[in-house]
Amino acid sequence: MNITAYIDPGSGSYLVQMIIAGILGIAFYFKTIWATIKSFFGGRKEIPKDKEKNE
Amino acid sequence: MNKVRNHPASYRDPSGFVFLYEGKYYRQVNQCYKDDYQALKQSGLYNQLVKEKKLIPHIELDKNFSQSDEWYCTLLPEQITFLSWPYEWCFSQLKDAALLTLYILKEAIQHGMILKDATPFNIQFKNGRPVFIDTLSFEKYDDTQPWVAYRQFTESFIVPLLLCVYRSPEMLKLLQAYPDGIPLKLASKWLPLRSRFNLNVFLHIFLQNKVSEKSNRNSAAQPAFSRKKLLSIANNLLSFVSGMQLKPIRTIWNNYYDETVLNEKYVNDKRSVVEGWLKEIPVKTILDAGTNTGLFAKAAATHAETVIAIDSDADCINSLYVHCKQTGNTCILPLLIDICQPTPSTGWHNEERSAFISRCRVDMVLALAIIHHLVIGKNVPLQQVAETLSTLTDYLVIEFVPKEDVKVKQMLLQRKDIFPHYTVKAFEDIFSSSFEILQKIKVGETERSLFLMKKKN
């Protein structure tokens, strides 16, 4: 972890971010496959996420 | 010129400090932060965030107020009219502050920079919207590193927001006890079991807590992180926070004015009297104490620059904030403050974050239909109410609700009447010692009276 930080990043903060990024990566991978399958069978085309509905 | 001293809360970050000089807040940038500060300017990040009104603008001064060797430059930021603390905000205010932090994090990464801390104290409300005030929170981004402020962000934004969602919106007040963030260990105890079935809650709270408990601090070699990974976490946090919603609830107060006891004529008459006085007296700042759903704060907002609208009901304050945001009302600052338990001063030496009463100096106070709650509901003597109000304001618009009123009768139904001196005559006499009574008008067909008063010199 960045040792120039002035706050304590907390123990295990590096590891947990690695794990979470990994899980999110896998989730994204499956989402993409699912979207491809759906569009192959003529399902509704993936609509790009609505542009941040002004909160 | 006397040397300036740093603000009591500005001691954590060696990059610089905030100080107060002749009534204005300044920020000193130290030599050690020079490179990061220049990167903030040169990357275009500062200009972009200021243009979007997400970051407080400042002007640079070539004046070493502190006469310190570490001085690099001095910033004079645009001043904030009224400073509020995260434990005075409602759910939607903290949520917007969290979304702003994440937005700035993402923009910073695009500009080769990152946020080195993520606390709600880096944010203030200006013209109804959250604005990032800590210009020294940015540093150059090393894309082999994860986000150093991830734990801080989780504990000081995500945990309180989740406690609101899964428990109750009043849980935000816990930030007063835990200003550095609510520890994950406690959060995992306090969140209900069902919250674990939400993937995001599981990852950011329960998993993080477990990993943190198990990990030792001297793990040596760590694989490199990446920009892609960090952006995926930031995007995930953004969609997680955006999706947080409070369950609709009905409190004693959020339907107060819809009740039949207080009929439409009463409310309309009261509004026309108050609006008449607001037109007559030019004021800049108003405190609406016990604002409820903000009916009179909204009326006051058309006559003043800033209306601080306080109430002890979390749902009322949240609805008022959401209403102001939707209607573009930039004058009202709704805050979750109980006038009987105003925010104390907190932090190191009780000096970091000042008490509500010491921050609150306004031109006018609206104290409408709260006197009976203070005197009969909380046993606060009339004398003390008058004294406190006279320390806050020059003009006072106050409504007296006598014992003959149906609401007061209800309050006295189940308790002994220990208030023989609660009469309009005694009220006038006591308030006359601190205020000059300018006008007195009876409201509608009720027993209630409105008073316009001016503080005696």
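Rules behind the numbers
- Residues numbered from 1 in each chain as written.
- Chains lettered and ligands numbered in written order.
- Predicted model: local features only at pLDDT ≥ 70, side-chain atom pairs only at ≥ 80, totals over all residues.
- Heavy atoms only, no water.
- Helix = DSSP H or I, 4+ residues; strand = E, 2+ residues; numbered from the N terminus.
- Buried < 20%, exposed > 50% of the residue type's maximum accessible area, 1.4 Å probe, protein only.
- Contact = heavy atoms within 4.5 Å.
- Phe/Tyr/Trp six-rings, centres within 6.5 Å; stacked < 30°, edge-to-face > 60°.
- Pairing = 2+ DSSP bridges.
- Axes fitted to C-alpha atoms, helices over the stretch in contact; angles between N-to-C directions.
- Parallel < 35°, antiparallel > 145°, perpendicular 65-115°, else oblique.
- Nonpolar A, V, L, I, M, F, W, Y, C, P; charged D, E, K, R; others polar.

Caption draft 1: The side chain of Ser212 of chain B, seen in detail. Its place among the elements puts Ser212 of chain B in helix 7 (residues 199–214). Its relative accessible area of 15% is what places Ser212 of chain B among the buried residues. Apart from the residues within four sequence positions on either side, Ser212 of chain B is in contact with Ser11 of chain A together with Arg151 of chain B.

Caption draft 2: Looking closely at the packing of aromatic side chains. Residue and element names in this part refer to chain B. With the rule as written, the count across this model stands at 23 aromatic pairs over all chains. An angle of 50° between the planes, with centres 5.4 Å apart, marks the rings of Phe19 and Phe65 as tilted. With a gap of 46 residues between them, Phe19 in strand 1 (residues 16–21) and Phe65 in the loop between strand 3 (58–61) and strand 4 (71–77) connect regions that are remote in the sequence. Ring geometry for Phe427 versus Phe431: centroids 4.6 Å apart, planes at 35°, classification tilted. One end of the pair, Phe427, and the other, Phe431, are both in helix 16 (residues 424–432), 4 residues apart, so they sit about a helical turn from each other. Classification of Phe427 by relative accessible area gives buried; the value is 0%.

Caption draft 3: Spatial organisation of the sheet that holds strand 4 of chain B. Residues and elements named next belong to chain B. Read across the sheet, 4 strands follow the order 1-2-4-3 without closing on themselves; strand pairing throughout is antiparallel. A single partner strand is all that each edge strand has here, and the edge strands are strand 1 and strand 3. Taken pair by pair, the neighbouring strands of this sheet meet at an average axis angle of 30°, ignoring direction. Judged from the 4 bridges that link them, strand 2 (residues 24–30) and strand 4 form a sheet pairing that is antiparallel. Bridge pairing in strand 4 links Gln28 to Thr74. Together, strand 2, strand 3 and strand 4 form the strand contacts of helix 1 (residues 34–42), whose direction differs from that of strand 4 by roughly 45°.

Caption draft 4: Representation of the packing of helix 3 (residues 91–110) of chain B against helix 11 (residues 314–327) of chain B in the model. All names here are of chain B. As a packed pair, helix 3 and helix 11 sit with axes 7 Å apart at the nearest point and diverge in direction by 55°. Relative to helix 11, helix 3 is oriented oblique. Between helix 3, through Phe91, Ser92, Gln93 and Asp96, and helix 11, the contact on the second element is made entirely by Ile317, Asn318, Tyr321, Val322 and Lys325. Residues that form the contact of helix 3 with helix 11 fall into these classes: 4 nonpolar, 3 polar and 2 charged.

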